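Analysis of the macromolecular model
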Amino acid sequence: AQSVTQLDSQVPVFEEAPVELRCNYSSSVSVYLFWYVQYPNQGLQLLLKYLSGSTLVKGINGFEAEFNKSQTSFHLRKPSVHISDTAEYFCAVTALGNDYKLSFGAGTTVTVRA
Amino acid sequence: DVKVTQSSRYLVKRTGEKVFLECVQDMDHENMFWYRQDPGLGLRLIYFSYDVKMKEKGDIPEGYSVSREKKERFSLILESASTNQTSMYLCASSTGTGAPSGYFGPGTRLTVT
């Protein structure tokens, strides 16, 4: 079985500052990794995903994440945040050949202040 | 544009009622999923379906059942609603070929009183 740990439940950050959201995963087989964002009162939207190939993955809205197999991590970063990035962020994992069932972390709430 | 819709955004039901949550996707996806979202717990998989009339239990199926009579529609049923089923329910779909990406609906916030 796969599992995900998001190391920070809340991340306050000032506008135009960088942000990093940490995600570690556990799996005995190869995995796909995802980051989703949930804006207030909305469903989840895919930010980016790692399937294979380059370990640096670029997503929407200026986000990127780096897959580190040796450290079993998939941290999300943005060099300069905006007020509109205030949201909850979820890291998720699924194992290859696992019927595409996603296992989610508990979420990280990012609050961007002016 | 990819779309997953859920029948209600907000629902209030009484303990013991039978509750139906409906989800429709217009992407011809093979896989459909029901999750519940609770603060501090993230999303937990209740049931999923990889084909019409096929279903598999997820991590927390107790107290729930599902129905998939048509490819585009996946229903979650609470046979006898209880207060501990008060939660946000999210439906998702994904293609059965190639790499998976979940497309999510806007969610149904269910309150059981």
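See the structure above.
What this report covers is the structure whose coordinates are included nearby. (Residues numbered from 1 in each chain as written. Chains lettered and ligands numbered in written order. Predicted model: local features only at pLDDT ≥ 70, side-chain atom pairs only at ≥ 80, totals over all residues. Heavy atoms only, no water.)

1. Remarks on the overall build of chain A
Where we set the bar: Secondary structure counts use DSSP, requiring at least four H or I residues in a row for a helix and at least two E residues in a row for a strand, with both numbered from the N terminus. Radius of gyration here is computed from C-alpha atoms only, and the compact-globule reference equals 2.2 Å multiplied by the residue count raised to the power 0.38. Burial classes follow relative accessibility: with a 1.4 Å probe on protein chains only, a residue under 20% of its type's maximum area counts as buried, one over 50% as exposed, and anything between as partly exposed. Note on areas: Shrake-Rupley with a 1.4 Å probe; residue coverage comes only from the protein chains shown. By the counting scheme adopted, Arg and Lys are positive, Glu and Asp are negative, and His together with the chain ends is not counted. Lys charges are placed at NZ, Arg charges at CZ, Asp charges at CG and Glu charges at CD.
A count of helices and strands for chain A gives zero helices and twelve strands. Secondary structure elements of chain A occur, N-terminal to C-terminal, as β-β-β-β-β-β-β-β-β-β-β-β. Relative to the compact-globule value of 13 Å for 114 residues, chain A shows a C-alpha radius of gyration of 14 Å, a close match. Overall size of chain A, expressed as C-alpha extent along the three principal axes, is 45 × 30 × 20 Å. Burial status across chain A gives 46% buried among its 114 residues. Taken as a whole, chain A presents about 5400 Å² of accessible surface, with 48% of it coming from carbon and sulfur. Computing the positive centroid from 8 side-chain charges and the negative centroid from 9, chain A places the two 6 Å apart.

2. Regarding the pairing of strand 7 (residues 64-70) of chain B
Residue and element names in this part refer to chain B. Rules: Note: two strands are recorded as paired if DSSP finds a minimum of 2 bridges between them.
Taken together, the five bridges between strand 7 and strand 8 (residues 73-78) define a ladder with antiparallel strand orientation. Looking across to strand 8, one finds that Lys70 is bridged to Arg73. Here strand 7 folds back onto strand 8, and the loop between the two strands holds two residues.

3. Considering the interface of chain B and chain A
Let me state the cut-off plainly: Note on contacts: a residue pair is in contact if any heavy atoms of the two residues lie within 4.5 Å. Every case where a carboxyl oxygen of Asp or Glu lies within 4 Å of a side-chain nitrogen of Lys or Arg is listed as a salt bridge. Nitrogen and oxygen atoms within 3.5 Å of one another constitute a polar contact, given that in protein one can donate a hydrogen and the other can accept it, and given that sequence-neighbouring residues count only through two side-chain atoms. Side-chain classes are defined by residue name, with Ala, Val, Leu, Ile, Met, Phe, Trp, Tyr, Cys and Pro counting as nonpolar, Asp, Glu, Lys and Arg as charged, and the others, Gly among them, as polar.
Counting residues at the interface gives 25 residues for chain B, matched by 21 residues for chain A. Summed over the shared surface of chain B and chain A, the result is zero salt bridges. Counting across the chain B and chain A interface gives two residue pairs in polar contact (both at pLDDT 80 or more). When residues of the side of chain B that touches chain A are traced back to their parent elements, those giving at least two are strand 4 (31-38), strand 5 (42-49) and strand 9 (87-94) of chain B. For the side of chain B that touches chain A, the class distribution of residues is twelve nonpolar, twelve polar and one charged.

4. Side note on the state of the cysteines
Condition: In plain terms, two cysteine sulfur atoms within 2.5 Å form what is called a disulfide here.
A full pass over the atoms with the stated rule returns two disulfides over all chains. The disulfide partner of Cys23 of chain A is Cys91 of chain A, and the gap between their sulfur atoms is 2.0 Å. Handedness of the Cys23 of chain A-Cys91 of chain A disulfide follows from its S-S torsion of about -65°: it is left-handed. Highlighted residues: Cys23 of chain A in strand 4 (residues 23-26) and Cys91 of chain A in strand 10 (residues 87-95), separated in sequence by 68 residues. The disulfide that involves Cys23 of chain B links it to Cys91 of chain B, with 1.8 Å between the sulfurs. With the S-S dihedral at roughly -75°, the linkage between Cys23 of chain B and Cys91 of chain B falls on the left-handed side. Taken together, the positions of Cys23 of chain B in strand 3 (residues 19-25) and Cys91 of chain B in strand 9 put the pair 68 residues apart, joining distant regions of the chain. Classification of Cys23 of chain B by relative accessible area gives buried; the value is 0%.

5. Description of the sheet that holds strand 1 (residues 4-6) of chain B
Residues and elements named next belong to chain B. Rule in force here: To define axes, lines are fitted to C-alpha atoms, for helices over the stretch in contact only, and angles between the resulting N-to-C directions are given on a 0 to 180 degree scale.
Read from one edge of the open sheet, four strands run 1-3-8-7, paired in antiparallel fashion. A strand with exactly one partner marks an edge of an open sheet, and here the two such strands are strand 1 and strand 7. Between one strand axis and the next, the sheet turns by 20° as a mean value, whatever way the strands run. Inspection of the sheet shows strand 3 paired to strand 8 by six bridges, in the antiparallel sense.

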